[in-house]
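Observations on the three-dimensional arrangement
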Amino acid sequence: MTTPTPLLDANQVNALLERAFPGIGDGGPKVTLVSPGRVRIVRPYGEGLLRPGGVISGPTLMSLADTAAYALVLAHVGDQLMAVTSQLAMNFLRGAKPGDLHAEAEMLRLGRRLATCDVRIWTEGPERLAAQANVTYALPG
(Lines give C-alpha, C1' and ligand atoms only; values in the text may rest on other atoms or scores of the structure.)
Protein backbone atom coordinates (compact mmCIF):
# COMPACT_ATOMS: atom_id res chain seq x y z
CA MET A 1 0.00 0.00 0.00
CA THR A 2 1.32 3.46 -0.85
CA THR A 3 1.36 6.18 1.78
CA PRO A 4 -0.85 9.11 0.77
CA THR A 5 0.77 12.50 0.25
CA PRO A 6 -0.72 15.36 2.26
CA LEU A 7 -2.25 18.24 0.33
CA LEU A 8 -2.27 20.63 3.32
CA ASP A 9 0.23 21.53 6.04
CA ALA A 10 -0.52 21.91 9.76
CA ASN A 11 -1.39 25.63 9.52
CA GLN A 12 -3.80 25.02 6.65
CA VAL A 13 -5.51 22.16 8.53
CA ASN A 14 -5.83 24.33 11.66
CA ALA A 15 -7.41 27.07 9.52
CA LEU A 16 -9.94 24.57 8.10
CA LEU A 17 -10.76 23.27 11.60
CA GLU A 18 -11.31 26.86 12.78
CA ARG A 19 -13.61 27.45 9.79
CA ALA A 20 -15.59 24.26 10.51
CA PHE A 21 -15.69 24.80 14.29
CA PRO A 22 -15.39 28.51 15.11
CA GLY A 23 -13.61 29.02 18.42
CA ILE A 24 -11.75 25.68 18.36
CA GLY A 25 -8.52 27.69 18.32
CA ASP A 26 -9.29 29.11 21.78
CA GLY A 27 -7.63 26.37 23.84
CA GLY A 28 -8.83 23.53 21.64
CA PRO A 29 -6.78 20.95 19.77
CA LYS A 30 -4.06 22.13 17.40
CA VAL A 31 -2.41 20.20 14.61
CA THR A 32 1.34 20.27 15.23
CA LEU A 33 2.60 17.97 12.46
CA VAL A 34 1.41 16.76 9.07
CA SER A 35 3.46 14.15 7.22
CA PRO A 36 2.60 11.50 4.62
CA GLY A 37 -0.23 9.40 6.06
CA ARG A 38 0.07 10.93 9.54
CA VAL A 39 -0.85 13.90 11.75
CA ARG A 40 -0.12 14.83 15.34
CA ILE A 41 -2.31 17.08 17.43
CA VAL A 42 -2.15 18.42 20.97
CA ARG A 43 -5.05 19.44 23.24
CA PRO A 44 -3.87 21.75 26.03
CA TYR A 45 -4.72 20.57 29.53
CA GLY A 46 -7.48 22.21 31.54
CA GLU A 47 -9.11 21.13 34.79
CA GLY A 48 -12.45 20.96 32.99
CA LEU A 49 -11.20 17.84 31.17
CA LEU A 50 -11.05 15.80 34.38
CA ARG A 51 -13.60 13.30 35.62
CA PRO A 52 -14.05 12.20 39.23
CA GLY A 53 -10.94 10.26 40.15
CA GLY A 54 -8.56 12.83 38.68
CA VAL A 55 -8.10 11.41 35.17
CA ILE A 56 -9.10 12.92 31.83
CA SER A 57 -12.63 11.95 30.88
CA GLY A 58 -13.55 9.37 28.25
CA PRO A 59 -15.65 11.80 26.20
CA THR A 60 -12.64 14.11 26.00
CA LEU A 61 -10.46 11.26 24.69
CA MET A 62 -13.13 10.24 22.16
CA SER A 63 -13.47 13.82 20.95
CA LEU A 64 -9.71 14.08 20.50
CA ALA A 65 -9.61 10.79 18.55
CA ASP A 66 -12.37 12.04 16.24
CA THR A 67 -10.68 15.43 15.79
CA ALA A 68 -7.33 13.79 15.01
CA ALA A 69 -8.92 11.54 12.38
CA TYR A 70 -10.79 14.50 10.85
CA ALA A 71 -7.55 16.51 10.73
CA LEU A 72 -5.80 13.57 9.07
CA VAL A 73 -8.52 13.29 6.44
CA LEU A 74 -8.48 17.05 5.75
CA ALA A 75 -4.69 17.05 5.44
CA HIS A 76 -4.86 14.36 2.76
CA VAL A 77 -8.02 15.21 0.81
CA GLY A 78 -8.06 18.99 1.19
CA ASP A 79 -11.04 21.25 1.81
CA GLN A 80 -13.68 18.54 2.30
CA LEU A 81 -15.47 19.83 5.42
CA MET A 82 -18.46 17.55 4.74
CA ALA A 83 -16.43 14.41 5.51
CA VAL A 84 -18.25 12.74 8.42
CA THR A 85 -17.47 10.10 11.01
CA SER A 86 -19.08 6.81 10.05
CA GLN A 87 -17.45 4.62 12.72
CA LEU A 88 -15.40 5.15 15.88
CA ALA A 89 -14.24 2.25 18.07
CA MET A 90 -12.40 3.34 21.22
CA ASN A 91 -10.12 1.31 23.47
CA PHE A 92 -9.35 2.86 26.86
CA LEU A 93 -6.00 1.42 27.90
CA ARG A 94 -5.22 3.30 31.14
CA GLY A 95 -6.31 6.44 32.92
CA ALA A 96 -5.01 9.56 31.19
CA LYS A 97 -3.17 11.52 33.86
CA PRO A 98 -3.66 15.29 33.93
CA GLY A 99 -1.55 17.02 31.28
CA ASP A 100 -1.63 18.06 27.67
CA LEU A 101 -3.27 15.40 25.52
CA HIS A 102 -1.34 14.23 22.47
CA ALA A 103 -2.73 12.21 19.58
CA GLU A 104 -1.13 10.70 16.52
CA ALA A 105 -3.38 9.58 13.70
CA GLU A 106 -2.21 7.29 10.92
CA MET A 107 -4.05 6.66 7.66
CA LEU A 108 -4.67 2.93 7.27
CA ARG A 109 -6.58 3.29 4.01
CA LEU A 110 -7.67 6.26 1.93
CA GLY A 111 -10.26 5.31 -0.67
CA ARG A 112 -12.66 7.29 -2.84
CA ARG A 113 -15.54 7.01 -0.34
CA LEU A 114 -13.94 6.00 3.00
CA ALA A 115 -10.85 6.87 5.00
CA THR A 116 -9.83 4.52 7.82
CA CYS A 117 -7.51 5.81 10.54
CA ASP A 118 -5.71 4.53 13.64
CA VAL A 119 -5.43 7.07 16.48
CA ARG A 120 -3.22 6.76 19.56
CA ILE A 121 -3.61 9.11 22.54
CA TRP A 122 -1.35 9.82 25.52
CA THR A 123 -0.44 12.37 28.19
CA GLU A 124 2.68 10.81 29.72
CA GLY A 125 4.40 9.74 26.51
CA PRO A 126 3.73 7.74 23.34
CA GLU A 127 5.07 4.61 25.03
CA ARG A 128 2.30 4.86 27.68
CA LEU A 129 -0.88 5.06 25.60
CA ALA A 130 -4.04 6.08 27.41
CA ALA A 131 -6.32 5.19 24.49
CA GLN A 132 -6.42 3.90 20.93
CA ALA A 133 -9.20 4.30 18.38
CA ASN A 134 -10.09 3.08 14.91
CA VAL A 135 -12.00 5.79 13.08
CA THR A 136 -13.61 5.68 9.64
CA TYR A 137 -14.70 8.79 7.78
CA ALA A 138 -17.17 8.85 4.91
CA LEU A 139 -15.97 11.21 2.19
CA PRO A 140 -18.31 13.35 0.12
CA GLY A 141 -18.61 12.06 -3.37
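Details of the structure are given in the entry above.
Residues numbered from 1 in each chain as written. Predicted model: local features only at pLDDT ≥ 70, side-chain atom pairs only at ≥ 80, totals over all residues. Heavy atoms only, no water.

As a further point, take the overall build of the protein. Broken down by element type, the protein carries two helices and eight strands. Along the protein, from the amino end to the carboxyl end, the secondary structure elements read α-β-β-β-β-α-β-β-β-β. Compactness check: the protein gives a C-alpha radius of gyration of 14 Å against a globular reference of 14 Å for 141 residues, within 12% of the reference. Principal axes of the C-alpha set define a box for the protein whose edges measure 45 × 30 × 25 Å. (Helix = DSSP H or I, 4+ residues; strand = E, 2+ residues; numbered from the N terminus. Rg over C-alpha atoms; globule rule 2.2 N^0.38 Å.)

Read from one edge of the open sheet, six strands run β1-β2-β6-β7-β8-β5, paired in antiparallel fashion. In the strand order of this sheet, the two ends are held by β1 (30-35) and β5 (84-92), each with one partner. Here the average twist between neighbouring strands, direction ignored, is 20°. Pairing analysis gives six bridges linking strand β2 (residues 38-43) to strand β6 (residues 101-110), with the strands arranged antiparallel. Along β6, the bridge assignment pairs Ile41 with Ala103. Sheet strands in contact with helix α2 (residues 58-77) are β1, β2, β5, β6, β7 (114-122) and β8 (131-138), and its direction is about 50° off that of β6. (Pairing = 2+ DSSP bridges. Axes fitted to C-alpha atoms, helices over the stretch in contact; angles between N-to-C directions. Contact = heavy atoms within 4.5 Å.)

Ranked by internal contacts, the top residues of the largest apolar core, which has 40 residues, are Val13, Leu17, Val31, Leu61, Val119, Ile121 and Tyr137. Within the residue set of this core, elements represented by two or more residues are α1 (10-20), β1, β2, α2, β6, β7 and β8. At eleven residues, the largest contribution of residues to this core is made by α2. Those residues in contact with Val119 that lie beyond four places of it in its chain are Ala65, Ala68, Ala69, Ala103, Glu104, Ala105, Ala131, Gln132, Ala133 and Val135. (Core = buried A, V, L, I, M, F, W, Y, C linked by side-chain atoms within 4.5 Å. Buried < 20%, exposed > 50% of the residue type's maximum accessible area, 1.4 Å probe, protein only.)

Structurally, the position occupied by Thr123 is in the loop between β7 and β8. The buried category is assigned to Thr123, whose relative accessible area is 16%. Reaching out from Thr123, the side chain makes a polar contact with the backbone oxygen of Lys97 at a distance of 3.1 Å. Among residues more than four places away in sequence, those in contact with Thr123 are Ile56, Ala96, Lys97, Gly99, Asp100 and Leu101. (Polar contact = N/O pair within 3.5 Å; in protein donor to acceptor, adjacent residues only side chain to side chain.)

Here the focus is the pairing of β6. When β6 meets β7, the two strands line up antiparallel, connected through eight bridges. Following the sheet pairing, Met107 is matched in β7 by Cys117.

This model, assessed by the stated rule, comprises seven salt bridges. Note that Lys97 and Glu124 form a salt bridge whose closest N and O atoms lie 3.8 Å from each other. In this pair, Lys97 is assigned in the loop between β5 and β6 and Glu124 in the loop between β7 and β8, connecting sequence segments 27 residues apart. On the basis of relative accessible area, Glu124 is assigned to the partly exposed category, the value being 36%. (Salt bridge = Lys/Arg side-chain N within 4 Å of Asp/Glu carboxyl O.)

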